[in-house]
Amino acid sequence: RFFLNSGFLVVMNTLGHLISCVLVAYGFARLRAPGKDVLFLVLLGTMMVPYTIITLPTYIIFRDLGLLGTMVPLWVRSFFGNAFLIFVLRQFFMTIPLDLDEAATLDGAGRLQILLRVILPLSRPALATIAIFTFWWTWNSFLDPLIYVSRQQHYTITLAMNTFNQQYARSAGYYDRILAGSVLTLLPMVIIFVLAQRQFIEGIQMQGLKQ
């Protein structure tokens, strides 16, 4: 049950980041608008705000929405973007030649068609990087589930392991089970990285390049 809860959060957060971050990054990389550079600097400025500062306001918002004790606060924020992931995608999109956009426009493609049929197929390494980062953050997240989840049926794997450790850490003869649980917790991350390490490394190498 705990693995399923964490897996559900991974899927929802990955989907949310891919949808929201791709759209925003495409706008910053390809579209022209007054004040776009200023907005991008504001976006980067949000990366400098410590997470602990926004924890209480975010908690109050979800409390007023009546979402405390549910898993919604653990995934709904991903559909509103992430500054770091937007930056990574924007830098990658800027390495794709504008000639491809112009050729697609001459063929009658709109902005959304260019994004879906030109930009995204060429951005698989960057998208894999986004997915791996999201998987890593979500799977290892402990503070957010601890704050928002109250019922055991909604526990993620990190909360479950913490409860397991508190229950058996002081009991003799249970260290093997704690170790086994820790290995099982790490196993999905190792598998994902091994399967996608080529795209991940390529995406990291390309994120700092500009056209």
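Residues numbered from 1 in each chain as written. Predicted model: local features only at pLDDT ≥ 70, side-chain atom pairs only at ≥ 80, totals over all residues. Heavy atoms only, no water.

(A) A look at helix 6 (residues 111-122). Given a rise of 1.5 Å per residue, 12 residues ought to cover 16 Å, and the 16 Å separating the end C-alpha atoms of helix 6 matches this to within 8%. Among all positions of helix 6, only Ile-114, Leu-115, Val-118, Ile-119 and Leu-120 are buried. On its buried side, helix 6 packs onto helix 1 (2-30), helix 4 (83-93), helix 5 (98-106) and helix 7 (124-140). (Helix = DSSP H or I, 4+ residues; strand = E, 2+ residues; numbered from the N terminus. Expected span 1.5 Å × (residues − 1). Buried < 20%, exposed > 50% of the residue type's maximum accessible area, 1.4 Å probe, protein only. Contact = heavy atoms within 4.5 Å.)

(B) Focus on the packing of aromatic side chains. Under the counting rule described, the total for this entry stands at 12 aromatic pairs. Every member of this aromatic cluster is reached through a ring pair, and the members are Phe-84, Phe-133, Trp-136 and Trp-137. Between Arg-90 and the ring centre of Phe-40, over which it is positioned, the NZ or CZ distance is 4.1 Å. (Phe/Tyr/Trp six-rings, centres within 6.5 Å; stacked < 30°, edge-to-face > 60°. Lys NZ or Arg CZ within 6 Å of the ring centre and 35° of its normal.)

(C) Spatial organisation of the pattern of salt bridges. Taken as a whole, this structure holds three salt bridges when the rule is applied. Residue Asp-64 pairs with Arg-63 through a salt bridge whose shortest N-O separation is 3.3 Å. When the shortest N-O distance is used, the salt bridge between Asp-144 and Arg-77 registers 3.2 Å. Within this pair, whereas Asp-144 is found in helix 8 (residues 143-148), its partner Arg-77 is found in the loop between helix 3 (51-64) and helix 4, the two being separated by 67 residues in sequence. Since its relative accessible area comes to 26%, Arg-77 is described here as partly exposed. (Salt bridge = Lys/Arg side-chain N within 4 Å of Asp/Glu carboxyl O.)

(D) Representation of the packing of helix 1 against helix 4 in the model. Running from N to C, helix 1 and helix 4 cross one another at 50°; their axes reach a closest spacing of 8 Å. In terms of orientation, helix 1 and helix 4 fall into the oblique class. Two packed elements cross with a definite hand, and for helix 1 against helix 4 that hand is right-handed. Each of His-17, Cys-21, Val-22, Val-24, Ala-25, Tyr-26, Phe-28, Ala-29 and Arg-30 in helix 1 lies in contact with helix 4, whose residues at this interface are Leu-85, Ile-86, Leu-89, Arg-90 and Phe-93. (Axes fitted to C-alpha atoms, helices over the stretch in contact; angles between N-to-C directions. Parallel < 35°, antiparallel > 145°, perpendicular 65-115°, else oblique. Left-handed = near helix turned anticlockwise from the far one by under 90°.)

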